Amino acid sequence: MPRYELALILKAMQRPEAAAALRRTVETLLERGAVVRDLENLGERRLPYKVSKHNQRHTHGGYYLIDFHASPSVVKGFLNHLERDVDVIRPTIPIRGLLHKRAVRKKTNLPAGLC
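Residues numbered from 1 in each chain as written. Predicted model: local features only at pLDDT ≥ 70, side-chain atom pairs only at ≥ 80, totals over all residues. Heavy atoms only, no water.

Peer 1: Explain the nonpolar core residue by residue, including any values.
Peer 2: A general feature of soluble globular proteins is that nonpolar side chains tend to end up buried together. By size, the foremost hydrophobic cluster in this structure holds 21 residues, and its most contacted members are Leu6, Leu8, Leu10, Ile66, Phe68 and Ile93. When residues of this core are traced back to their parent elements, those giving at least two are strand 1 (3-11), helix 1 (15-31), strand 3 (56-69) and helix 2 (72-84). Among the elements that make up this core, the one with the highest residue count is helix 1 (five residues). Counting residues in hydrophobic clusters, the runner-up holds five residues, among them Ile9, Leu47, Val51 and Ile89. (Core = buried A, V, L, I, M, F, W, Y, C linked by side-chain atoms within 4.5 Å. Buried < 20%, exposed > 50% of the residue type's maximum accessible area, 1.4 Å probe, protein only. Helix = DSSP H or I, 4+ residues; strand = E, 2+ residues; numbered from the N terminus.)

The structure is reproduced here in structure tokens:
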């Protein structure tokens, strides 16, 4: 199973509501067979621009990172699930291993086959 990192922006909420939204997200991952490795709270910040989602305009949001392993078929369905969640402003899931290889290649100027 590839390793993924979910960059999640939740709407600005009090701590209990944010914890419930994160719990829902992690439980959904676990139900779909993913293995969650880490959850990191990056704090609440002002969004770089106003975002309209679920008929609301957002200027602030809570930023979180969830590190997990899952099959690629799970990730696509999970993103669809997150798009429907009213507490989620923006979910993004890049493949963690590919980003790391690109960073190493760029830093060392090695051809693609040598990384």
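Peer 1: I'd like to hear about unusual backbone geometry, residue by residue, with values.
Peer 2: Even without a glycine there, the phi angle at histidine 54 is positive, about 55 degrees. Along the chain, histidine 54 turns up in the loop between strand 2 (35-53) and strand 3. Note on histidine 54: relative accessible area 32%, which makes it partly exposed. Although it is not a glycine, asparagine 55 sits at a positive phi angle of roughly 60 degrees.

Peer 1: Please provide a residue-by-residue account of the environment of arginine 46, values included.
Peer 2: Note that arginine 46 resides in strand 2. Sequence spacing of arginine 46 and alanine 12 is 34 residues, and the spatial spacing of their C-alpha atoms is 9.5 Å.

Peer 1: Quick one: what's the story with helix 2, residue by residue and with numbers?
Peer 2: If you check which residues of helix 2 are buried, you get Val74, Val75, Phe78 and Leu82. An end-on view of helix 2 places all buried positions within 95 degrees of arc, on one side of the element. Residues of helix 2 that are exposed and angled more than 90 degrees away from the buried face: Ser73, Lys76 and Arg84. Residues of helix 2 that are buried in the fold lie against strand 1, helix 1, strand 3 and strand 4 (88-92). (Arc of directions from axis to C-beta. Contact = heavy atoms within 4.5 Å.)

Peer 1: Outline the sheet that holds strand 2, listing residues and values.
Peer 2: Within the open sheet, the four strands sit side by side as 2-3-1-4. Their pairing is antiparallel. Looking at which strands have only one partner, the edges of the open sheet turn out to be strand 2 and strand 4. Recorded for the sheet is a direction-independent mean angle of 20 degrees between the axes of neighbouring strands. Sheet topology note: the strand 2/strand 3 ladder contains 13 bridges and is antiparallel. Opposite aspartate 38, over in strand 3, you have aspartate 67 as the bridge partner. Packed onto the sheet, helix 2 meets strand 1, strand 2, strand 3 and strand 4 and runs at close to 0 degrees relative to strand 1. (Pairing = 2+ DSSP bridges. Axes fitted to C-alpha atoms, helices over the stretch in contact; angles between N-to-C directions.)

Peer 1: Explain the pattern of salt bridges residue by residue, including any values.
Peer 2: Tallied over the entire structure, the rule returns six salt bridges. In this structure, arginine 37 engages aspartate 67 in a salt bridge whose closest nitrogen and oxygen atoms are separated by 3.7 Å. Here the residue arginine 37 occupies a position in strand 2, and aspartate 67 occupies one in strand 3, the gap between them amounting to 30 residues. Look at arginine 37 and you get partly exposed, because its relative accessible area is 49%. Shared partners join several salt bridges into a network, and the residues in it are Lys11, Arg24, Asp85 and Asp87. (Salt bridge = Lys/Arg side-chain N within 4 Å of Asp/Glu carboxyl O.)

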